[in-house]
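# Topology and contacts: notes
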Amino acid sequence: MIQIEKLRKIYRARGREVTAVDGVDLTVPEGEIFGVLGRSGAGKSTLLRCVNLLERPDAGRVVIDGRDLLALDGAALRRARQGIGMIHQHFGLLGSRTVAGNVAFPLEVMGVPRAERSARVAELLDLVGLTEHARAYPAQISGGQKQRVGIARALAGRPKVLLSDEATSALDPETTASILELLRDLNRRLGLTVLLITHEMDVVKRICDSAAVMREGRFTESGPVTELLARPGSELARGLFPLPPVVPRDGSTVIEVTFVGGATDQPFVSALARKYSLDVNILGGAVETIGGQRVGRLQLELPGDPLANAAQLAFLRDSGLAVEIKTPAPAPTPASEPTAASASAEEDVR
Ligand SMILES: Nc1ncnc2c1ncn2[C@@H]1O[C@H](COP(=O)(O)OP(=O)(O)O)[C@@H](O)[C@H]1O
Ligand SMILES: [Mg+2]
């Protein structure tokens, strides 16, 4: 379990101050995968480096499995750090060592005896599917295989927590998918708690239980992924389901309906149309599988203004759907304006 409270990190260089992490609260329950999504410079790497004290925070608390890391030093801190593995975008392998030699390295540093070490290396290589490449050198294997070495090495000390800094950002989509699958599998088999940071929406979609969007050192939204997707105005939801711009027409109501899990199976559009004898216009929509659940977002246009549609909107909400009213526009501005705002919000996350 990872608990972070009011974490703050300020860099001071040549008279300039940068608040890289500006009061972040975060809890990752044991065995969960938490993703922090944000564009470059948001403070993601700094946040992660504060969790294993590669950076010393200026304020706040970092508690891993009940232990307050900032209160530890010397041997106690080293031991606590062994319980935290880390993987990186650029793998950080030693080119002069074989795959097995790279995985053995942290075990040597920990002073694990030779016989035990080679047994553990074999076990780790098996875990990440690299047994056949034990004697290869980093230059002889693919990017995906290099990251598997990185993962095996990170798990050498049997950590309960794994930190991942853009671990798939240097990989092609197919390899990314296989590495994410491996992380998910290890998370389940070993009960690993994973905190990962990424600028890729797809990573969150594929494996995260919970997520946060980070901007300028702060979390702008945070929670279970399926809950964020159903939250009106969620940036994460908008990024995962980029829908066409809304062009409001006089005397109509445009709504965005988000449905998670069971609600997906109900034919709610036709139920609504039948019950109220409406012509429902479908403007756009997408359905995805996220965290093993089907999640969808649908843009609908109903005749009449929102006031006239009060019963219809209540019907949808009572059916377990999240409903966000997109019209009427706040003022008689050009129709393109809300579009520009949502488009830039999407870019921010990517
Ligand atoms: N060692 C450092 N010294 C000074 N500023 C830094 C240092 N590391 C990061 N920063 C600054 O802190 C901010 C957050 O950086 P970082 O945590 O790397 O963001 P991200 O990982 O989201 O791209 C940026 O403005 C960056 O320039
Ligand atoms: Mg970074």
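Within each chain, residue numbers correspond to sequence positions counted from 1 in written order. For naming, the first written chain is A and the first written ligand is 1, with later ones following in the order written. Per-residue local features of the predicted model are confined to residues with pLDDT of at least 70, and side-chain atom pairs are confined, for both listing and counting, to 80 or more; whole-chain, interface and lining totals are unaffected and use all residues. Side-chain descriptors were evaluated using all non-hydrogen atoms of the structure, hydrogens and water having been removed beforehand.

In terms of regular secondary structure, the protein is built from 12 helices and 14 strands. Seen through its principal axes, the protein has C-alpha atoms that stretch 75 × 50 × 35 Å. In this analysis, two residues are considered to be in contact whenever any of their non-hydrogen atoms come within 4.5 Å of each other. The contacts in the protein between residues at least 6 apart in sequence include a share of 71% that link residues at least 24 apart. When the accessible surface of the protein is split by element, carbon and sulfur atoms take 49% of a total near 16700 Å². Helix numbers and strand numbers start at the N terminus; a helix is a DSSP run of H or I with at least 4 residues, a strand a run of E with at least 2. For accessible areas, the Shrake-Rupley method is used with a probe of radius 1.4 Å. Any residue's cover is judged against the shown protein chains and nothing else.

Definitions used for this entry: grid spacing 1 Å over protein atoms alone; cavity, a set of points where a 1.4 Å probe fits but cannot get out; pocket, an open set with protein on both sides within 12 Å along at least 5 of 7 lines; lining residue, one with an atom within 4 Å of a point. Grid points are joined across faces, edges and corners, and a volume is the space filled by probe spheres set on the points. Volume-wise, the largest pocket comes out at about 650 Å³. Contributing to the lining of the largest pocket are 17 residues, with Arg81, Gln82, Ile84, Gly85 and Pro106 lying nearest its centre. Among the secondary structure elements, those contributing two or more residues to the lining of the largest pocket are helix 2 (74-82), strand 6 (84-88), helix 3 (99-110) and helix 5 (143-154). Throughout this entry, Asp, Glu, Lys and Arg are counted as charged residues, while Ala, Val, Leu, Ile, Met, Phe, Trp, Tyr, Cys and Pro are counted as nonpolar. The remaining residues, Gly among them, count as polar. When the residues that make up the lining of the largest pocket are grouped by side-chain class, the tally is 9 nonpolar, 5 polar and 3 charged.

Let us look at the confidence of the model for the protein. Per-residue confidence from the prediction method is given by pLDDT, with values spanning 0 to 100. Considering every residue of the protein, the mean pLDDT works out to 89; 92% of them sit at 70 or more. In this model, residues 330-350 is a region of pLDDT below 50 whose contacts with residues beyond four sequence positions or in other chains number 25 contacts.

Moving on: the sheet that holds strand 11 (residues 252-260). Here 4 strands make up an open sheet; going across it, the order is 12-13-11-14 and the pairing antiparallel. Of all the strands in the sheet, just strand 12 (281-290) and strand 14 (322-325) have a single pairing partner and so form its edges. Shown here is a sheet whose adjacent strand axes are inclined to one another by a mean of 15°, direction ignored. The sheet contact formed by strand 11 and strand 14 spans 4 bridges and is antiparallel. Paired with Val257 across the bridge in strand 14 is Val323. Should DSSP find at least two bridges between two strands, the strands are taken to pair. Every angle, taken between N-to-C directions, lies between 0 and 180 degrees, and every axis is a line fitted to C-alpha atoms, over only the stretch in contact when it is a helix.

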